[in-house]
Every structure is written in C-alpha cells, then in structure tokens.
Amino acid sequence: MGPKVAMQRKKALLDLIMSIRKVPDTTQVKPIESPKDAKFSKGMLVEVSSDEDGLKGAWFAATIVEPVGKDKYLIEYQALRTEDDSDFLREEIDTVHIRPCPPQTIMIDRFKKLEEVDALFNDAWWVGVVSRVNTFPKYLVFFKDSNEELEFQHSDLRPHQDWINGKWVTPSKALKL
C-alpha cells in the first residue's frame, strides 16, 4: 500500500478514532516519575509515527502539548485537523512513536540516483529511494514497501536519517550494496 492509499486510510482511521474518543484540550496530567525521566518538553517540535496499516514508516510533524504519564505525551499535529476542521488534531502517543525533529542538515544541492531520502507526501515524511533524477528540481522516488514511484520537487525531499539510541544516524551506503 502506497502513501496515497495510506493517507486516505489514515484520515478515515483518524475520523473513526475521533468519533469514538475525543481528546479534550485540557487533559488531566498524570505526574511523571521525575523531571529527568521526561524525554520531551512542552512545546517541543517532534515527529510521530503510527503502527496502523499503511502508515508504518511515515512520520508526522507535531508539537508536545504535555506529558500524560511516564511514557506518553499529548501531542498536536501540525498539519492534521480534527474531523470538523475546527482545530489541529490532538492525540496521546507513546514515546516509542515519538522522536525529535531531525537536525537541520547541510542543504543538498542535488540528490543522486539510489540515494535514500525522506519524501514529504500528504503531511508525512516517507522513506524512499531516488530512482531517477528528472529535470532539476524534480526526482522520481521509489517506495519499497508499496512498490510505488512518485515524482517530487527537490524542496519536498530531505536526506534520510534514523533515530537510533537517542542519536541521529545517516544510513551507511555500504549496507545497501
């Protein structure tokens, strides 16, 4: 399943979730064990993922609203809206699905064929590989999980990085051979 279908499913799923349970703006905050246990702070920009079918590997921009337990935070998406479009969607997310935003990297003049990138599509970052460099600034990006290929502007791509053990890691090109 590709990013297009996944986003349709995500929006339908979010509509269903929001119709079942509404997360109020003022949630009862459960105290965390101690301030040193807090991995994220109020107002911090983060990216969040989901285990939902068709959304694995997608990262959505969000802001930490407040902690709601030792390993959970109330977040507010920066682009996803509530069902009635009155506000940005809020959701309680476990820390395993939260990471800080990747650091600003040196601006890449051009991506190369077979370079691993994150592509911004329907409000989320999806991991893909540049399959063809079209007339600059356009690229074809292949998504392995969905066997889909889509065209992107240079401005909608960033170098792919993984968040591993609290650090940003650039994939090794040797692992791809």
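Position numbers for residues start from 1 in each chain and track the written sequence from start to end. Totals for whole chains, interfaces and linings use every residue, but because this is a predicted model, local features are given only for residues with pLDDT of at least 70 and side-chain atom pairs only at 80 or more, for both listing and counting. In computing side-chain values, all of the structure's heavy atoms are included and hydrogens and water are not.

To continue, consider the pattern of salt bridges. What makes a salt bridge here is a side-chain nitrogen of Lys or Arg within 4 Å of a carboxyl oxygen of Asp or Glu, nothing more. Counted according to the given criterion, the structure contains 5 salt bridges. In this structure, Arg-90 and Glu-76 form a salt bridge, with 2.9 Å as the shortest nitrogen-oxygen distance. Highlighted residues: Arg-90 in strand 4 (residues 88–94) and Glu-76 in strand 3 (residues 72–81), separated in sequence by 14 residues. Summarising the burial analysis for this pair, Arg-90 and Glu-76 share the class buried. Through salt bridges with shared partners, one network takes in Glu-47, Arg-99, Asp-118 and Arg-158. Runs of E in the DSSP output that reach at least two residues are strands. Runs of H or I that reach at least four are helices, and both are numbered from the N terminus. For every residue, the accessible area obtained with a 1.4 Å probe (protein chains only) is divided by the maximum for its type, and the residue is called buried under 20%, exposed over 50%, and partly exposed between those limits.

So, about the packing of aromatic side chains. Put simply, two rings from Phe, Tyr or Trp (the six-membered ring, in Trp's case) pair if the centres are within 6.5 Å, and we call them stacked under 30 degrees between planes, edge-to-face over 60, tilted for the rest. One pass over the structure, following the stated rule, counts 7 aromatic pairs. Ring geometry for Phe-121 against Phe-152: centres 6.2 Å apart, planes inclined by 80 degrees, an arrangement best described as edge-to-face. Placement of the pair is Phe-121 in strand 6 (residues 116–121) and Phe-152 in strand 9 (residues 148–153), with a sequence separation of 31 residues. Each member of the pair, Phe-121 together with Phe-152, is buried. Judged by centre distance (6.5 Å) and plane angle (90 degrees), the rings of Phe-136 and Tyr-139 are edge-to-face. Note on Tyr-139: relative accessible area 0%, which makes it buried. Sitting over a ring, as applied to charges here, requires NZ of Lys or CZ of Arg to be within 6 Å of the ring centre and within 35 degrees of the ring normal. Just above the ring of Phe-88 sits the side chain of Arg-81; from NZ or CZ to the centre is 4.5 Å. For the cation-ring pair, Arg-158 lies above Trp-125, with the distance from its terminal atom to the ring centre recorded as 4.0 Å.

Chain-level pLDDT for the chain is 81 on average; 75% of the residues reach the 70-or-more range. Element-level mean pLDDT values for the chain span from 51 in helix 1 (residues 3–20) up to 97 in strand 1 (residues 45–48). pLDDT is a residue-level measure of predictor confidence that goes from 0 to 100. Only heavy atoms enter the contact rule, under which two residues are in contact if any of them lie within 4.5 Å. Of the regions scoring below 50 in pLDDT, residues 16–38 engages in 26 contacts with residues more than four places distant in sequence or in other chains.

Another aspect to go through is the nonpolar core. In this structure, Val-48, Phe-60, Ile-75, Tyr-77, Ile-98, Phe-152 and Leu-157 are the most contacted members of the largest nonpolar core, which totals 28 residues. Looking at this core, the elements with two or more residues in it are strand 1, strand 2 (59–69), strand 3, strand 4, strand 6, strand 7 (124–133), strand 8 (138–143) and strand 9. Here the element with the most residues in this core is strand 3; it accounts for 4 residues. Working definition of a nonpolar core: buried Ala, Val, Leu, Ile, Met, Phe, Trp, Tyr and Cys residues. They are joined through side-chain atoms within 4.5 Å.

Let's shift gears to the environment of Ser-146. In this fold, Ser-146 is placed in the loop between strand 8 and strand 9. With a relative accessible area of 16%, Ser-146 lands in the buried category. For the pair Ser-146 and Gly-54, spaced 92 residues apart in the sequence, the C-alpha separation amounts to 8.7 Å.

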